Amino acid sequence: MPGNDSDNILHLDAIDIRLQETPLVAIDTRIEPGEILTVMGPSGVGKSTLLAFIAGFLDPAFSARGNVWLQGRELTRLPAEQRRLGLLFQDPLLFPHLSVGGNLAFGLRDGNSRRERHAQIDRALADIGLPGYADRDPATLSGGQRSRVALMRVLLSRPHAMLLDEPFSKLDMTLREEMRSLVFSRIHQENLPTLMVTHDEADAEAAGGRVFRLLPPT
Amino acid sequence: MRMPPLFLLATLIVIDQASATPAPADWSAVEKQAEGQTVYWHAWGGDPRSNDYIEWVGERLAESHGIELVHVKVNDASNVVSRVLAEKSAGNTEDGAVDLIWINGENFAAMKTNDLLFGPFAERLPNFSLTRPDEHPEMRTDFTVPTEGYESPWGRAQLTFYHDSQRVDSPPRSLDALLDWAQHNPGRFSYPQVPNFLGTTFLKQALITLADDEEALYTPVEEADFDAITAPLWDYLDDLHPHLWREGRRFPDSGSAMQRLMGDGELALAFTFNPSAPAAAVADNQLPPSTRSYQLDGGTLGNVHFVAIPFNASHKAGAMVTANFLLSPEAQAHKQDISVWGDPTVLDTDALGDDAKGAFDDSQDIPGSLSSDQSANILAEPHPSWVDRLEEAWQARYGNR
Amino acid sequence: MGHFRRSRLFLMAVRFAPWLAMALLIVPVAGGLAGVIGPAFGWLPALDGHTVSLTPWQALWRQPGLVDMISLSLVTALASTLGALILVILLLGALLETRAFRAIQRLLSPLLAVPHAAAAIGIGFLLTPSGLANRAMSPWLTGWSYPPDYLFPGDPWGASLILGLVAKEMPFLLLMSLAALPQCQAQSHHRLARMLGYAPLTAFLKGVLPNLYPLIRLPIYAVIAFASATVDVAMILGPSNPPTLAVSVIRWLNDPDLDRRFMASAAALTQLGVTVLALLFWWLGERLVVKLMSQTLTSGRRNHGDRLIGGLATGLTWFILGLLGMSLLGLMLWTLAGYWPFPEAWPWPLTIGNWMEAADTAWHSVIQTAVIGLASTAIAMTLAIGSLESEIQYHRRMRRRTQLILYLPLLVPPVAFLFGLVQLQAQLHIAPGWFAVILGHTLFVLPYVFLSLSESYRRLDSRWAQVAATLQASPGEVFRRIRLPLLTLPLLTAAAVGFAVSVGQYLPTLLLGAGRITTLTTEAVSLAGGGDRRLTAVYALLQLTLPAIGFSLAIGLPKLLLRNRRGLQPA
């Protein structure tokens, strides 16, 4: 039984997504801890639909079958917030009403004392090369800095797997390289199974894992 | 030549009427001037029956005098007073928005003392004499204030009680009995929120009955010892209020609202200023068929309501012709018809010919109506200056709890 | 060249539109306020007030229950706004992306069209001791064969008034919030927070609301201002001993004793102060909440009783919906009722007599209401479109302070400035009637039209215009042939909103029209004070039918006209 996977494996079990009976995406695979599976294809092919299904935001217009297993839990019947998936969006989407530190605190799980949380945030900021940035307004950050904060925010929420939704497409060339290596190295470091959706071949190359190509429906 | 008897009779009536209504020499000039005018009549619009009657008046005036009558429906005549005042303060002395107002009591007193009225005109109206004002002084006094021709009588009102006979066997016929009844039937009686005129009327009715020195009420309040005279009234109300509808913490907005509460069954006993209103409401499905009317044993307050013309009315001739038509036997008989409105006439029917008189006969027996043997004395309204003081004192005692 | 001249003419007209709109909004409000300041300090020559004094204020201060009136106005305004806002927030947070939300949204939107007076009349009919709610339970459950005697609606604490205001303001705030959601990236932020493990409601409260709130702050202030100064709703549902300050102001203004005008003017200014005070309290409350909540926002806690609160919100929303729905049903039954005694829950036999009786006169009011509504909407639409077009042509986005002017007629209590406006109207010899009423309505219609249109207008992709311009189209042509057609749906919606606002106006119609103009609303309110519940119900229903027709046209017309243009269809 696939449900017995208690290792940190993201198991996409016989997934079949359709739009009014037209097959859109079908996938059946296991993503190992630290592995980055790249899903590629031209726009409109259903990459984002697959991601939305796994994350729990599938539009009711679509019908989907199949299961998603992670650490022994079947995710498709859980609400999005209980799936413990870290999703990195195209945009950094830092909350404009919170400081940089506040944004990280937002990701941080609760439980520790306030002092301990502050310390954790300071360490995290230092970790991404932004020491002392806790009180800054996110609007004053550069694009690359924002992306780094967004990544750290996701990691602080201690996800069990990562979903990357064209995470580098809005960055310029030099930043893109830099972010790629940062994101991928963190994923390896934390040993997270990862699904990346992209239409940039360079992303797939840099990820270095398997590539799953979606074809436009004929 | 032999005349048919019927024609003879008709001629006689015409002659009789003509002799009873000597028209002033310039009246035809007034009528001529009125032709083609649009008269804006500001009148309370809360009762569909009076609204329908006014519409009928408009149709008749259009036929007979080429006057277009526009009924401007108002919530309260005092709004109209505000408007005329605003116009005066702006120096608008000729083309005012209001041509005719349905008015009486303190609104009239306010307009008269502030010189907001046109006149005197009432006694120049050919039909005015049909009211026989010399025998009926209430045609020339409005809440003790002499009208001096600044308003023309239109209808009558008398405080009349009504009850649901299925719930109340023998209704209270005096104020003491009313208190006793309310104690045994808590929450089933109320009176409109003062300063609504009907609510204030109830206060005045109670005051006249309870006050030791009744005479003082007919002189300006400044000349009387207000506290001493009204003390029995407040004692009475203090006893009564806990047994009223909503324990006296809220009062119906108006007489019509009180009638609605009767229709809903919330109240079992109420009162009105129009003696035929309960019967009309039964006919109109508003009140239970078991509704009955009566008046208090010692008599109840009554008054006359009038129409007046603002000093700056744009169409004074049209307004006067309208006022005159309102006093015609035709209009008065139609108004008194219980299936139309049921507002009692101000004409002295003895001043009319037999035929015209016949139109006023009201022999129909309609559920809820007041039979003639039940009607009681009319008590005259106190001086209008009492109204404000009573309302203020009531407000101070009960307006805030 | 004619083409060239027409284009210049267009640009000129567009240039003046914002100034005209501002003038229309500022002049009457400022003039009206000026008109009450004089009498409030004893100056009103028509009434022999020739000296400036504080006597009116002393008279006002001596009024019994003044403090209670003021606190009642404050409490009902703040409580009802808070109630409506909390409901909207909880509803958005708990249900935003669910199917139930779409159903609720579909049911709530038409309720926006229900005029305040009609809603209040309906709620009153429903909840009064002899109302439909008790009839449905009597006598089999309650044992009542006559109505019980309890004080509701009209309770001295204003609970029924608060309930009525919440029911009426909630759809408005919800619609304003829905319009603002895309602006603050609500969906992305909400999803992000949920992916970080936050339960839906908590995700909304911590991740969306702080960015949404500034966008709906002005509408909220407008709701506070309205609730603190409403006359018709408070007359129908509010307490009477004492009533709210606004109701008292109207009573004093209408007092036959003309000397009361001075005190009434002072009271009108006090009403303005009360509204300002209510806004100030709210503003302080905002600061307090921000202060108290800033720690909680980043505490990392991901679930603050989500299920419970969300369930509560859903329950309350259905309650409000049920309340309004039953009120409408009650109105309909009353229009068909003959003699309908307590405790019968269904009028029998049904009759159309009430409608027949109303038909003659009602028809007249329907036409007047429609003409005024259409005219004021047309003026407001022209000014709003002109102002928005000028933003595009002259690249000048309206500043925040200018935006505030738009809200002026909604923030300044009508009670405070309309009486002065009537004085002004008389001084300028503007005859009461159509012209004054239509202009007066426009004053209240314009802000709503502008608010409902501005977002779509500003967000319309500017590349359409650029494409057209490169194809040699003049600015006028771009406007006429590109922008207007593309905006068909928002334009029609804005017009429907404006029309609904006009239909609901009571005080401006009454005061500026000198009562000569009767609309369905003036008739309904004047009948509500009378005894005939059936006729009142007929007018209240008609009053709500007109805006409903407007909204259905706004949705139906594009479906019909643009049936071959799927991209422009309503969602």
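Keep in mind the model is a prediction, meaning the values are calculated, not measured. (Residues numbered from 1 in each chain as written. Chains lettered and ligands numbered in written order. Predicted model: local features only at pLDDT ≥ 70, side-chain atom pairs only at ≥ 80, totals over all residues. Heavy atoms only, no water.)

Points about the interface of chain C and chain B
Where the parts come together, the accessible area they lose is often given as the size of the interface. Taken together, the contact pairs 63 residues of chain C with 65 residues of chain B. When the two sides are added together, the surface that chain C and chain B hide from each other amounts to roughly 5200 Å², 47% of it contributed by carbon and sulfur. In this assembly, chain C and chain B are joined by four salt bridges. One salt bridge connects Glu392 of chain B with Arg260 of chain C, and the closest N-O pair in it is separated by 3.4 Å. (Contact = heavy atoms within 4.5 Å. Buried area = accessible area lost by both parts, 1.4 Å probe. Salt bridge = Lys/Arg side-chain N within 4 Å of Asp/Glu carboxyl O.)

Describing the packing of helix α4 (residues 77-89) of chain B against helix α17 (residues 414-427) of chain C
Viewed as axis vectors pointing N to C, α4 of chain B and α17 of chain C meet at an angle of 50°, and their least axial separation amounts to 8 Å. Regarding the angle of α4 of chain B to α17 of chain C, the classification is oblique. For α4 of chain B against α17 of chain C, the interelement crossing comes out right-handed. Counted together, Arg83, Ala86, Glu87 and Ser89 of chain B of α4 of chain B and Val422, Gln423, Gln425, Ala426 and Gln427 of chain C of α17 of chain C form the full contact between these two elements. (Axes fitted to C-alpha atoms, helices over the stretch in contact; angles between N-to-C directions. Helix = DSSP H or I, 4+ residues; strand = E, 2+ residues; numbered from the N terminus. Parallel < 35°, antiparallel > 145°, perpendicular 65-115°, else oblique. Left-handed = near helix turned anticlockwise from the far one by under 90°.)

A word on the pattern of salt bridges
Residue and element names in this part refer to chain A. Counted according to the given criterion, the structure contains 37 salt bridges over all chains. The residue Lys170 makes a salt bridge to Asp91 at a minimum N-O spacing of 3.2 Å. One end of the pair, Lys170, is in the loop between β7 (161-165) and α5 (173-190); the other, Asp91, is in the loop between β6 (85-88) and α2 (100-107), with 79 residues separating them in the sequence. The exposed category is assigned to Lys170, whose relative accessible area is 54%. Among the residues examined, Asp91 registers a relative accessible area of 30% and is labelled partly exposed. Between Asp127 and Arg186 there is a salt bridge whose closest N-O contact spans 2.7 Å. Of this pair, Asp127 sits in helix α3 (residues 114-127) while Arg186 sits in helix α5, placing them 59 residues apart in sequence. Look at Asp127 and you get partly exposed, because its relative accessible area is 44%. Owing to a relative accessible area of 9%, Arg186 belongs among the buried residues under this scheme. Each of Arg176, Glu177, Arg180, Asp200 and Asp203 takes part in a single network of salt bridges with overlapping partners. (Buried < 20%, exposed > 50% of the residue type's maximum accessible area, 1.4 Å probe, protein only.)

Remarks on the sheet that holds strand β3 (residues 36-40) of chain A
Two modes of strand pairing occur in sheets, parallel and antiparallel, and in both the strands are linked by backbone hydrogen bonds. All names here are of chain A. Sheet architecture is open: five strands sit in the order β6-β7-β8-β3-β9, paired in parallel fashion. Either end of the sheet is taken by a strand with one partner, and the two such strands are β6 and β9 (211-213). Between one strand and the next, the sheet's axes are offset by a mean angle of 20°, whatever the strand orientation. Sheet topology places β6 next to β7; four bridges connect them, and they run parallel. If you follow Leu85 over to β7, its bridge partner there is Ala161. Relative to the sheet, helix α4 (residues 143-156) contacts β6 and β7, its axis offset from that of β6 by approximately 170°. (Pairing = 2+ DSSP bridges.)

Description of the interface of chain A and chain C
Each partner contributes residues to the interface: chain A has 28 residues there, and chain C has 27 residues. Carbon and sulfur atoms supply 63% of the area buried between chain A and chain C, which totals about 2400 Å² over both sides. Sorting the residues of chain A by area buried against chain C places Phe57, Glu81 and Phe106 of chain A first, and these three jointly supply 30% of that buried surface. Viewed at the interface, chain C and chain A are joined by one salt bridge. Between Glu81 of chain A and Arg194 of chain C there is a salt bridge, with the nearest N and O atoms lying 2.8 Å from each other. Put simply, chain A and chain C have nine residue pairs in polar contact (both at pLDDT 80 or more) between them. (Polar contact = N/O pair within 3.5 Å; in protein donor to acceptor, adjacent residues only side chain to side chain.)

Digging into a nonpolar patch on the surface
All names here are of chain C. A cluster of nonpolar side chains, Leu277, Leu280, Phe281, Trp283 and Leu284, forms an exposed patch at the surface whose accessible area comes to about 460 Å². Of note, Leu280 is situated in helix α12 (residues 260-297). Leu280 gets classed as partly exposed once you look at its relative accessible area, which sits at 45%. (Patch = residues over 30% accessible without salt bridge, like charges linked within 9 Å, V, L, I, M, F, W, Y side chains within 5 Å. Areas by Shrake-Rupley, 256 points an atom, 1.4 Å probe, with all protein chains shown as cover.)

What to know about the domain arrangement of chain B
Residues and elements named next belong to chain B. Domain annotation for chain B reports domain 1 (25-155 + 305-365) and domain 2 (160-302 + 375-398). If you average the C-alpha positions of domain 1 and of domain 2, the two centres end up 28 Å apart. Taken together, the contact pairs 12 residues of domain 1 with 14 residues of domain 2. Counting each side, the surface lost to burial between domain 1 and domain 2 is near 1000 Å², with a carbon and sulfur contribution of 63%. Interface area lost by domain 1 to domain 2 is led by Glu106, Phe143 and Thr144, which between them contribute 50%. For the interface between domain 1 and domain 2, the tally reads one residue pair in polar contact (both at pLDDT 80 or more). Residues that form the side of domain 1 that touches domain 2 fall into these classes: seven nonpolar, two polar and three charged. (Domains from an automatic or database assignment. Nonpolar A, V, L, I, M, F, W, Y, C, P; charged D, E, K, R; others polar.)

Some remarks on the pairing of β7 of chain A
Residue and element names in this part refer to chain A. Extensive coverage of β7 is indicated by the burial of five of its five residues. Sheet topology places β7 next to strand β8 (residues 194-198); four bridges connect them, and they run parallel. If you follow Leu163 over to β8, its bridge partner there is Leu195. Crossover handedness for the path β7 to α5 to β8: right-handed. (Right-handed = clockwise from strand over helix to strand, strands pointing away.)

Some thoughts on the arrangement of the chains
By contact count, the leading pair among the two pairs of chains in contact is chains B and C. With respect to C-alpha atoms, chain A approaches chain B no nearer than 47 Å, and the pair has no contact.

With respect to a positive patch on the surface
Residues and elements named next belong to chain C. On the surface, Arg15, Arg396, Arg399 and Arg401 cluster together into a patch of positive charge. Considering the arrangement of structural elements, one finds Arg15 in helix α1 (residues 2-40). By relative accessible area, Arg15 is classed as partly exposed at 40%. (Lys, Arg positive; Asp, Glu negative; His and termini not counted. Charge placed at Lys NZ, Arg CZ, Asp CG, Glu CD.)

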